[in-house]
Amino acid sequence: TGLGYQAQIAYTEPFFGFQPAFRFAAFDPTERSDDSDALTYMTFGLNYRPDYPVALLLNYTIASETEDFDLPNNRFDGVLQVTW
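Residues numbered from 1 in each chain as written. Predicted model: local features only at pLDDT ≥ 70, side-chain atom pairs only at ≥ 80, totals over all residues. Heavy atoms only, no water.

(A) Quick peek at the packing of aromatic side chains. Tallied over the full model, the rule gives 3 aromatic pairs. Each ring, one from Tyr5 and one from Phe24, has its centre 6.4 Å from the other, and the planes form 35°; the classification is tilted. Taken as a pair, Tyr5 in strand E1 (residues 3-10) and Phe24 in strand E2 (residues 18-28) lie far apart in primary sequence, 19 residues in all. Phe24 sits in the partly exposed class, given a relative accessible area of 27%. Taken together, a centroid distance of 5.1 Å and an interplanar angle of 50° make the contact between Phe22 and Phe44 tilted. Residue Phe22 is found in strand E2, and its partner Phe44 is found in strand E3 (residues 39-48); the two are separated by 22 residues along the sequence. (Phe/Tyr/Trp six-rings, centres within 6.5 Å; stacked < 30°, edge-to-face > 60°. Helix = DSSP H or I, 4+ residues; strand = E, 2+ residues; numbered from the N terminus. Buried < 20%, exposed > 50% of the residue type's maximum accessible area, 1.4 Å probe, protein only.)

Shown next, in the form of structure tokens:
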């Protein structure tokens, strides 16, 4: 059995359309007592949602693994969304 959870929060600034956001996620696929395969992710985001049908989403994720599986896999994601 495994265990995973996440929590996220965002606030939409009312005048200019900016939205800072934060997400914390954890995943342990085996629930071993030594946590040798546990993963933790912290994502910091800044979204821009003006009154137009366009949105810009920028995220930076810090990925943390245990020493046995430590990889340099932090990442930056950007999305431009257009709705018509």
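That covers the picture; the talk isn't over yet.
(B) Up close: the sheet that holds strand E4 (residues 54-65). The strand order across the open sheet formed by 5 strands is E1-E2-E3-E4-E5, and the pairing between neighbours is antiparallel. In this open sheet, the two strands that pair with only one neighbour each are E1 and strand E5 (75-82). Within this sheet the neighbouring strands show an average axis-to-axis angle of 15°, counted without direction. Pairing of E2 with E3 involves 10 bridges; the strand directions are antiparallel. Along E3, the bridge assignment pairs Ala26 with Thr40. (Pairing = 2+ DSSP bridges. Axes fitted to C-alpha atoms, helices over the stretch in contact; angles between N-to-C directions.)

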